[in-house]
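Residues per chain, in single letters:
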Amino acid sequence: MTHATSVLVIGEALIDIVERDGGDVEFVGGSPANVAVGIARQGVPASLLTRLGRDDRGRRIAAQVTASGAAIEEASWTDAPTSTAKARLRPDGSAEYEFDIVWALDAEAAEAAAEAASVVHAGSIALFLQPGGEVALATLEAARRDGRIVTVDPNVRPALVGDDPRPIAERAFAAASLVKLSDEDAEALYPGMPADRVLQTIAALGPGVVVMTRGGEGALALGPSGSSEVPPMAVEVADTIGAGDAFMASLITSLVDDPDLLAGDPAALDLALRRAALTAGITVSREGANPPTRAEVDAAL
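Notes on the structure in this doc start here. (Residues numbered from 1 in each chain as written. Predicted model: local features only at pLDDT ≥ 70, side-chain atom pairs only at ≥ 80, totals over all residues. Heavy atoms only, no water.)

## Points about the overall build of the chain
Right, on to step 1. Secondary structure summary: the chain contains 12 helices and 15 strands in total.
Right, on to step 2. In terms of overall size, the chain behaves like a compact globule, its C-alpha atoms giving a radius of gyration of 17 Å where 301 residues would be expected to give roughly 19 Å.
Right, on to step 3. Along the longest, intermediate and shortest principal axes, the C-alpha atoms of the chain span 50 × 45 × 45 Å.
Right, on to step 4. At a minimum sequence separation of 6, the contacts of the chain that also span at least 24 residues come to 70%.
Right, on to step 5. In the chain, 23 positive and 44 negative side-chain charges are present, and the distance between their average locations comes to 1 Å. (Helix = DSSP H or I, 4+ residues; strand = E, 2+ residues; numbered from the N terminus. Rg over C-alpha atoms; globule rule 2.2 N^0.38 Å. Contact = heavy atoms within 4.5 Å. Lys, Arg positive; Asp, Glu negative; His and termini not counted. Charge placed at Lys NZ, Arg CZ, Asp CG, Glu CD.)

## Here's the deal with the sheet that holds strand 11 (residues 149-153)
Each strand in a sheet pairs with another by means of backbone hydrogen bonds, the pair being arranged parallel or else antiparallel.
Right, on to step 1. Read across the open sheet, the nine strands follow the order 6-4-1-10-11-12-13-14-15; overall the sheet is mixed. Taken across any chain shown, the strands that pair with only one partner, and hence form the sheet edges, are strand 6 (71-72) and strand 15 (226-230).
Right, on to step 2. Each of strand 12 (178-182), strand 13 (209-213) and strand 14 (219-223) is contacted by helix 8 (residues 195-203), which is oriented at about 145 degrees to strand 13, the strand it contacts most.
Right, on to step 3. Lying on the sheet, helix 11 (residues 266-284) is in contact with strand 13, strand 14 and strand 15; it crosses strand 15 at an angle near 30 degrees. (Pairing = 2+ DSSP bridges. Axes fitted to C-alpha atoms, helices over the stretch in contact; angles between N-to-C directions.)

## A few points about the pairing of strand 15
Right, on to step 1. In the sheet, strand 14 pairs with strand 15 via five bridges, with the strands oriented antiparallel. By the bridge assignment for strand 15, L222 is matched with S227.
Right, on to step 2. What sits between the antiparallel neighbours strand 14 and strand 15 is a turn of two residues.

## Here we look at the sheet that holds strand 8 (residues 84-89)
Right, on to step 1. Pairing is mixed in the open sheet, where four strands are placed in the order 3-2-8-9. The outermost strands of the open sheet, each flanked by one partner alone, are strand 3 (23-29) and strand 9 (95-100). If you compare each strand with its neighbour and ignore which way they point, the axes differ by 25 degrees on average.
Right, on to step 2. Sheet topology note: the strand 8/strand 9 ladder contains six bridges and is antiparallel. Considered in strand 9, the bridge of A85 is made with F99.

## Examining helix 3 (residues 107-115)
Every α-helix carries 3.6 residues per turn, so stepping three or four residues along brings you back to the same face.
Right, on to step 1. What helix 3 keeps buried is the set A109, A110, A113 and A114. For helix 3, the angular spread of buried residues about the axis comes to 130 degrees, placing them on one side.
Right, on to step 2. Each element contacted by the buried residues of helix 3 is listed here: strand 1 (7-10), strand 4 (46-49), strand 10 (119-123) and helix 5 (132-145).
Right, on to step 3. Capping of helix 3 at its N-terminal end is provided by D106; its side-chain oxygen lies 3.1 Å from the backbone amide nitrogen of E108. (Buried < 20%, exposed > 50% of the residue type's maximum accessible area, 1.4 Å probe, protein only. Arc of directions from axis to C-beta. Polar contact = N/O pair within 3.5 Å; in protein donor to acceptor, adjacent residues only side chain to side chain.)

## Looking at the packing of helix 1 (residues 31-41) against helix 9 (residues 243-257)
Right, on to step 1. Relative orientation of the contacting elements helix 1 and helix 9 amounts to 45 degrees, with a least axis distance of 8 Å. As summarised for this structure, helix 1 and helix 9 are arranged oblique, according to the angle between their axes. For the pair helix 1 and helix 9, the crossing hand works out as right-handed. Across the interface between the two elements, S31, N34, V35, G38 and I39 from helix 1 touch D245, M248, A249, I252 and T253 from helix 9. (Parallel < 35°, antiparallel > 145°, perpendicular 65-115°, else oblique. Left-handed = near helix turned anticlockwise from the far one by under 90°.)

## Structural notes on helix 2 (residues 56-67)
Right, on to step 1. Relative to the 16 Å expected for 12 residues at 1.5 Å per residue, helix 2 spans 16 Å between its end C-alpha atoms, a close match to the ideal helical length.
Right, on to step 2. Those residues of helix 2 that sit buried are G58, I61, A62 and V65. Down the axis of helix 2, the sector holding all buried residues measures 95 degrees, keeping them to one side. The exposed set on the far side of helix 2, more than 90 degrees from its buried face, consists of D56 and A67.
Right, on to step 3. Following helix 2 by one or two positions, G69 adopts a phi angle in the positive range, close to 110 degrees. (Expected span 1.5 Å × (residues − 1).)

Spatial relationships are all this shows, so hold off on functional conclusions.
Structure follows, in structure tokens:
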């Protein structure tokens with residue numbers, strides 16, 4: 001399947017340094033970079049506006065992103081070092097991070113890149129860390145005003161987002177057509193609030209579809225026609241790095257495949273959730289953020 005619709009992903013690209021018994025192993029990472037790779041592997045044209053150093057790590061990130069079929073926006077390059085995130089894997093395979101990141105964006109470059117896209121996505125550190133966060137948020141708001149599809153994944157990193165990330169997150173949600181967040185994000189933004197209330201609270205801000213992933217419990221969604229739920233794909237987990245990003249990339253791909261997803265077609269929402277769960281399941285079954293191709297997902301459906 002080929003698509004004329006292009007997706008712009010705005011956000012950080014970095015090197016995940018994963019601690020292993022035999023020493024550190026480096027993987028290309030950064031939630032938005034993972035999303036761009038995941039979209040491109042589904043056969044949808046994608047570009048990434050990020051911040052890369054002209055160093056070995058930056059070149060490695062660019063090589064992996066472009067090998068997937070996604071493009072790196074030229075304005076992404078900088079003379080500063082490429083950002084890193086040191087990931088320590090917990091016994092259950094989940095990760096905790098220590099970041100060395102600087103985030104800045106050129107507003108004119110962001111505006112021009114968004115004007116050339118049909119779908120604009122941003123999330124994670126890119127929304128919260130200044131000075132680039134304000135540019136990312138303003139770009140999402142302008143894209144929504146211009147009639148583009150906007151998607152958001154807050155991917156809240158408590159160590160980086162300050163004491164109260166909710167105002168920034170809700171500003172992003174208000175600009176979005178579709179929001180995907182995890183149960184951990186929900187707890188950081190709306191402590192103690194039941195999942196269905198979180199979905200309703202976010203939907204009231206403006207997005208047509210809100211999805212919450214819940215790890216081993218699958219995912220919940222609220223759309224114009226009501227709620228939907230999907231179980232997780234049963235796999236042996238290698239690690240969870242990139243699982244949420246793969247889920248997000250699949251949702252964006254489903255939006256490109258079938259715009260009725262936002263119009264309230266329950267069958268379209270159910271199919272989008274199933275594809276996303278399979279995409280995430282395949283990703284966690286292998287090391288690093290390594291999302292599947294469209295053919296792999298189709299074969300698992």
